[in-house]
Amino acid sequence: MQHSSPNQRSAWVAWLLFFCAAVAAGCATQPAPAPGMAIVMSDRSPAFVDVQSEIAKRYTDRIQNYYLDGNADKNAAVRKRVQASDISVIVAIGLPAARMAQGLTGKHVVFCQVFNYEESNLVTPRMRGVAATPPVDDLFQTWKQLSPRLNTVGVITGRNLDDLMKEAQSAAKKHGLNLTHVEVKSDKETLYAVKRLSPKVQGLWIVPDNRVLSRAVIRDIMAYSVKQSKQVAVFSDQLLALGGLLSAETSSTDIAEQVLLRVKKIHKDSDVGASGLTQTTIRINSVMAKRLNLRIPKSLREMAHAP
């Protein structure tokens, strides 16, 4: 039997130690992400700032706030600062912020206040969202209680709103409504589609799709619908003064809470798409209800007001 020399044994031990150290280094877990959250807002509009404020009230770790302002050079500088930050969790509020976050590397993103996220392909392995619209079920349930004879509703939108329309069709069926969905490409097409759809439906549901809605077209739609005695559900109580029958709006508190739920499980979140909101703020135009010969039930009177 051959015996190794002391030098050979020393070399073998040195190699074995080196091998074990290399394996240990390769198997070592990556360092945990730096705690905290970076919030990127598309601008300083109240809707975005309110959500940021509600998140800040509930989040106990550090927060870095960033604002975009439409200036390409300034926004590029913001992007560099966010990318260079040791914080890996990003909350993007609004579409411009979400699009900016889409190009970041090594970050996990939760976006909110983005209506047409499907068109921008915002859902990726590192990006998840929170819906920009309140639960459709709440709106349709209230609408049906206010107007029991309502059976047909039309909605006109741009493309790529599959998740929202799937939710809406399910809610409509649940409450005995036949929902007709028409896709258009521009605000001019929207007004034309409203006039074609009007004779076929009792109500019109207007969603905040700024790709196919402008302020001028919204006013035209509302004026036409009032003239035709159509029931119109709108996305802002400001539109009630133009003839909307009821409005359904989101709550910044609800948005913040849903964002934080997604942040909490961001590194193990297998749910794709945008998670739904849970609260709806509904207001009923008592003036329009009277004009349409609708009696507001006692259960809904706390929602009624004269715009």
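Keep in mind it's a predicted model, so treat the numbers as computed, not measured. (Residues numbered from 1 in each chain as written. Predicted model: local features only at pLDDT ≥ 70, side-chain atom pairs only at ≥ 80, totals over all residues. Heavy atoms only, no water.)

A. Summary view of the sheet that holds strand 1 (residues 37-41). Within the open sheet, the six strands sit side by side as 2-1-3-4-5-11. Their pairing is parallel. Each edge of the open sheet is held by one strand with a lone partner, namely strand 2 (63-67) and strand 11 (274-275). Note: strand 5 (residues 127-130) against strand 11, two bridges, orientation parallel. Across the sheet, residue Val130 finds its bridge partner in strand 11, namely Ser275. (Pairing = 2+ DSSP bridges. Helix = DSSP H or I, 4+ residues; strand = E, 2+ residues; numbered from the N terminus.)

B. Looking closely at the packing of helix 7 (residues 187-197) against helix 8 (residues 215-227). Contact geometry of helix 7 with helix 8 gives a least axis separation of 10 Å together with a crossing angle of 10°. One way to sum up the angle between helix 7 and helix 8 is to call them roughly parallel. Packed against helix 7, whose contacting residues are Asp187, Thr190, Leu191, Val194 and Lys195, the element helix 8 presents Val217, Asp220, Ile221 and Tyr224 at the interface. A class-by-class count of the residues in the contact of helix 7 with helix 8 yields five nonpolar, one polar and three charged. (Axes fitted to C-alpha atoms, helices over the stretch in contact; angles between N-to-C directions. Parallel < 35°, antiparallel > 145°, perpendicular 65-115°, else oblique. Contact = heavy atoms within 4.5 Å. Nonpolar A, V, L, I, M, F, W, Y, C, P; charged D, E, K, R; others polar.)

C. Structural detail: the pattern of salt bridges. Counting across every chain of the model gives nine salt bridges. One salt bridge in this structure joins Glu54 and Lys57, with 3.3 Å as the shortest N-O distance. One end of the pair, Glu54, and the other, Lys57, are both in helix 2 (residues 46-58), three residues apart, so they sit about a helical turn from each other. Among the residues examined, Glu54 registers a relative accessible area of 12% and is labelled buried. (Salt bridge = Lys/Arg side-chain N within 4 Å of Asp/Glu carboxyl O. Buried < 20%, exposed > 50% of the residue type's maximum accessible area, 1.4 Å probe, protein only.)

D. Structural detail: the sheet that holds strand 12 (residues 281-285). With mixed pairing, seven strands are arranged side by side in an open sheet as 7-6-8-9-10-12-13. The sheet is open, and its two edges are formed by strand 7 (178-183) and strand 13 (304-305), each paired on a single side. Relative to strand 9 (residues 231-234), strand 8 (residues 203-205) is paired through three bridges, and the arrangement is parallel. Its bridge partner lying in strand 9, Leu204 is registered against Val232. Its contacts with the sheet put helix 5 (residues 136-146) on strand 6 (152-157), strand 7, strand 8, strand 9, strand 10 (246-249) and strand 12, and the angle it makes with strand 8 is roughly 160°.

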